[in-house]
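Observations on chain architecture
Chain by chain, the residues run as shown.
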Amino acid sequence: FVSLLGNSLIGSSFSVMKVAHDSNKDGGSYLRIPTWWAGTLLMILGEAGNLVAYTLAKPSLISPLGAISVVVNVPVGWLVLGEKPSMRNMLGCMMSIIGGYGIVWVVASGSVDRPTMTAAEFEALLFQPAFMVFLAISFGESIDLIWSGRRTVMTYVMVCSLLGGVSVLSIKAVSSFVLLTLQGDNQFLTLVPFTTLPILAFTLMLQIKYLNMALAEFGTPEVVPIYYVTFTSCAVIGSSILYGDLSETSHQNVAVFVFSFLLTAAGVWLVSRGSVRKEETRARSASLGQSPYAHGEELEDDMEALL
């Protein structure tokens with residue numbers, strides 16, 4: 001429930017932030033725009049909910065539930081941005097919900113989760129060779145994308161996703177340290193928590209920065225689905241390597257997990273498809289000084305959305 005509520009707030013924040021980006025035509029500071037602060041607050045509250053959820057469950061369970069943010073973004077985008085949902089949007093929402101249920105079922109029926117871990121246990125897991133490779137790829141590719149200077153949706157989103165996979169694993173560890181410390185077992189007597197906290201803060205700040213850059217230059221229907229698929233992939237792979245989330249899951253359940261994830265990803269793509277086409281049509285018509293219905297383009301899009 002906590003994860004569902006948190007992701008609902010995050011989904012709402014995308015549309016609210018898009019309003020701020022659309023109103024900032026002069027390229028000024030976002031700090032003076034109330035809607036930007038509102039969107040940021042919603043995202044912080046949503047991430048705080050996810051922080052609590054990561055304390056209670058596996059990252060491989062919580063991360064895929066980010067599809068809820070995509071589903072919520074459909075009605076919120078309609079109310080806030082005027083992005084009217086189509087039949088394709090609704091079908092995508094249904095697919096995302098069914099796929100999300102499959103993911104929850106597989107992970108919930110798998111190995112027993114360890115709600116907390118000590119700093120010593122986490123340190124032992126960190127130095128697994130496979131996880132060292134995962135970290136090297138995540139940070140190395142992020143640095144390469146940042147220094148490339150490419151301004152594409154995939155560049156921005158991949159930086160968010162690669163670093164997001166690291167931040168998810170850090171959140172799980174830090175929340176465990178805090179919970180154990182509050183229970184009387186102080187985990188802040190070693191360097192591990194003080195190393196993990198700066199990494200968590202650094203990756204979260206870069207995530208917010210590049211997500212804002214993506215939303216400023218591209219529409220939410222384009223950013224949200226790509227971000228969901230890439231972020232979830234990075235988080236699940238990292239969690240499976242570090243925490244062994246799927247290590248005790250049967251081959252049949254792993255197949256169901258993969259199918260459910262692909263079904264959810266396809267649903268997320270469908271949610272965005274119709275809106276992207278409509279935005280392109282309106283922009284093209286506006287540049288020509290024509291009505292969107294000038295050549296039946298909007299009607300064509302609406303008919304295609306029914307397929």
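Notes on the structure in this doc start here. (Residues numbered from 1 in each chain as written. Predicted model: local features only at pLDDT ≥ 70, side-chain atom pairs only at ≥ 80, totals over all residues. Heavy atoms only, no water.)

1. Structural notes on the overall build of the chain
Broken down by element type, the chain carries 12 helices and 0 strands. The order of helices and strands in the chain, counted from the N terminus, is α-α-α-α-α-α-α-α-α-α-α-α. Evaluated residue by residue, the chain yields a buried proportion of 50% over its 307 residues. Within the chain, contacts between residues separated by at least 24 positions form 78% of all contacts whose residues are at least 6 apart in sequence. (Helix = DSSP H or I, 4+ residues; strand = E, 2+ residues; numbered from the N terminus. Buried < 20%, exposed > 50% of the residue type's maximum accessible area, 1.4 Å probe, protein only. Contact = heavy atoms within 4.5 Å.)

2. Some points on the pattern of salt bridges
Side chains that differ in sign of charge can pair as their charged atoms come close. Using the criterion set out here, one finds 1 salt bridge in the structure. Notably, a salt bridge pairs arginine 151 with glutamate 217, separated by 3.0 Å at the nearest N-O pair. With arginine 151 in the loop between helix H7 (129–148) and helix H8 (153–182) and glutamate 217 in helix H9 (residues 191–217), this residue pair connects regions lying 66 residues apart in the sequence. Using a relative accessible area of 58% as the deciding quantity, one classes arginine 151 as exposed. (Salt bridge = Lys/Arg side-chain N within 4 Å of Asp/Glu carboxyl O.)

3. Here's the deal with the environment of asparagine 186
Looking at where asparagine 186 falls in the secondary structure, it is placed in the loop between H8 and H9. For the pair asparagine 186 and threonine 118, spaced 68 residues apart in sequence, the C-alpha separation works out to 9.3 Å.

4. What to know about H9
Counted at 1.5 Å a residue, the expected span for H9 with its 27 residues is 39 Å, and the 40 Å between its end C-alpha atoms agrees. Taken together, the buried positions of H9 are occupied by Val192, Pro193, Thr196, Leu200, Thr203, Leu206, Gln207, Tyr210, Leu211, Asn212, Ala214 and Leu215. (Expected span 1.5 Å × (residues − 1).)

5. Quick word on the packing of aromatic side chains
All chains considered together, the criterion is met by 5 aromatic pairs. Aromatic side chains phenylalanine 131 and phenylalanine 134 sit 5.8 Å apart centroid to centroid with 25° between the ring planes, which places their arrangement in the stacked category. With a gap of 3 residues between them, phenylalanine 131 and phenylalanine 134 both fall in helix H7, about one helical turn apart. No difference in accessibility class separates phenylalanine 131 from phenylalanine 134, as the two residues are buried. Both rings, one in tyrosine 227 and one in phenylalanine 231, keep their centres 5.6 Å apart while their planes meet at 20°; by these two values the pair is stacked. Separated by 4 residues within a single helix, tyrosine 227 and phenylalanine 231 lie in helix H10 (residues 220–242), roughly one turn from each other. In this structure, tyrosine 227 and phenylalanine 231 share a single accessibility class: buried. (Phe/Tyr/Trp six-rings, centres within 6.5 Å; stacked < 30°, edge-to-face > 60°.)

The analysis is restricted to geometry; functional conclusions fall outside its scope.
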